[in-house]
Amino acid sequence: PNVLLLGAPGAGKGTQSARISEQFDVEHVTTGDALRANKGMDISHLDTEYDTPGEYMDQGELVPDEVVNEIVKTALQEADGYVLDGYPRNLDQAEYLDEITDLDAVLLLDVGTEELLRRLTGRRVDPETGDTYHTEFDMPDDEEVRERLVQREDDTEETARERLSVFEENTQPVVDHFETEGTLVRIDGEQSPDEVWADVEAAIENAV
Ligand code: AP5
Ligand code: ZN
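By the naming in an unreviewed UniProt entry, the chain goes by Adenylate kinase and is assigned to Natranaeroarchaeum sulfidigenes. Quoted verbatim from the Function (unreviewed entry) field of the UniProt record, the comment on the chain reads "Catalyzes the reversible transfer of the terminal phosphate group between ATP and AMP. Plays an important role in cellular energy homeostasis and in adenine nucleotide metabolism." Taken from UniProt, the Subunit (unreviewed entry) comment for the chain reads in full: "Monomer."

If you want it as structure tokens, here you go:
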């Protein structure tokens with residue numbers, strides 16, 4: 001299936017996408033990870049405000065559409081089924097997506113602002129595996145792993161707040177668009193990861 005997973009920063013998109021990818025044997029396409037792997041890429045020829053994606057990301061701003069659209073197009077062309085995480089983040093990207101693919105399911109992980117901030121500022125990442133943990137809810141047992149965990153550069157409280165306001169302004173209209181279209185399935189993302197997964201899995205099975 002082709003699955004679109006929407007949700008604010010910290011809603012659990014990465015966490016649930018990993019499970020979707022494994023359970024349904026589809027590609028996890030995530031613009032955030034793709035951009036993090038290319039933070040220093042020279043985009044100055046595009047006549048953008050900054051010369052690299054990293055400068056936008058570390059301030060919590062959106063990377064220009066022309067950079068992101070290209071990443072998504074290539075990734076979707078290569079995928080036989082996917083879960084798309086982190087895209088589209090504004091209505092122009094949503095329109096572009098509509099031109100290049102067909103979606104089977106559109107899910108929204110619904111989480112309140114206070115909980116989002118708690119998740120973002122407490123998130124820690126294992127730089128070796130890319131696995132995500134949380135200082136309060138989910139730390140690894142292995143001491144060696146615990147000691148090498150790092151905080152994402154955009155997970156400071158100030159940048160996290162900026163990302164949430166960018167979501168409200170640019171991405172909420174995308175959510176509203178799918179809601180109006182009648183294709184959106186809203187999932188209570190404040191439940192435990194296992195409970196969220198049960199709802200996510202059922203929604204996808206129901207859609208295909
Ligand atoms: P991106 O990497 O996409 O970040 P994001 O959308 O801000 O989302 P996150 O990765 O922060 O959160 P998540 O929903 O994946 O949550 P997670 O599962 O990790 O984008 C980063 C930047 O790249 C953007 O700011 C922008 O600059 C740029 N960018 C990316 N895409 C772009 C685009 N299309 N256009 C333009 N620019 C773009 O979970 C979070 C934490 O909560 C973890 O610690 C986890 O352990 C914990 N957790 C998860 N689920 C639960 C649960 N149920 N209960 C308790 N804790 C939980
Ligand atoms: Zn993520």
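*Asks:* Tell me about the UniProt feature "binding site: ATP" (unreviewed entry) in the chain, residues and numbers included.
*Replies:* Here the UniProt feature "binding site: ATP" (unreviewed entry) sits at G10, A11, G12, K13, G14, T15, R123, T132, Y133 and Q191. Among the secondary structure elements, A11 is positioned in the loop between β1 (2-7) and α1 (13-24). In this structure, A11 is in contact with L109, V111, L116 and G189, ignoring residues within four places of it in sequence. Mapped onto the elements, R123 comes out in strand β5 (residues 123-125). We classify R123 as buried; it has 21 C-beta atoms within 10 Å. Each residue touching R123, except ones within four places of it in the same chain, is listed here: T132, H134, R152 and D155.

*Asks:* Talk me through the packing of α1 against helix α9 (residues 193-207); I want residue IDs and the actual numbers.
*Replies:* Direction vectors running N to C along α1 and α9 enclose 50°, while the axes themselves pass 10 Å from each other. Overall, the two elements α1 and α9 adopt an arrangement that is oblique. Crossing angle aside, the handedness with which α1 passes α9 is right-handed. Residues T15, Q16, R19, I20, Q23 and F24 of α1 form the contact with α9, whose participating residues are P193, V196, W197, V200, E201 and I204.

Cut-offs used in this document
- Residues numbered from 1 in each chain as written.
- Chains lettered and ligands numbered in written order.
- Predicted model: local features only at pLDDT ≥ 70, side-chain atom pairs only at ≥ 80, totals over all residues.
- UniProt positions renumbered as here; feature names shortened; annotations may be inferred.
- Helix = DSSP H or I, 4+ residues; strand = E, 2+ residues; numbered from the N terminus.
- Contact = placed C-beta atoms within 7 Å.
- Buried ≥ 20, exposed ≤ 12 C-beta atoms within 10 Å, placed from the backbone.
- Axes fitted to C-alpha atoms, helices over the stretch in contact; angles between N-to-C directions.
- Parallel < 35°, antiparallel > 145°, perpendicular 65-115°, else oblique.
- Left-handed = near helix turned anticlockwise from the far one by under 90°.

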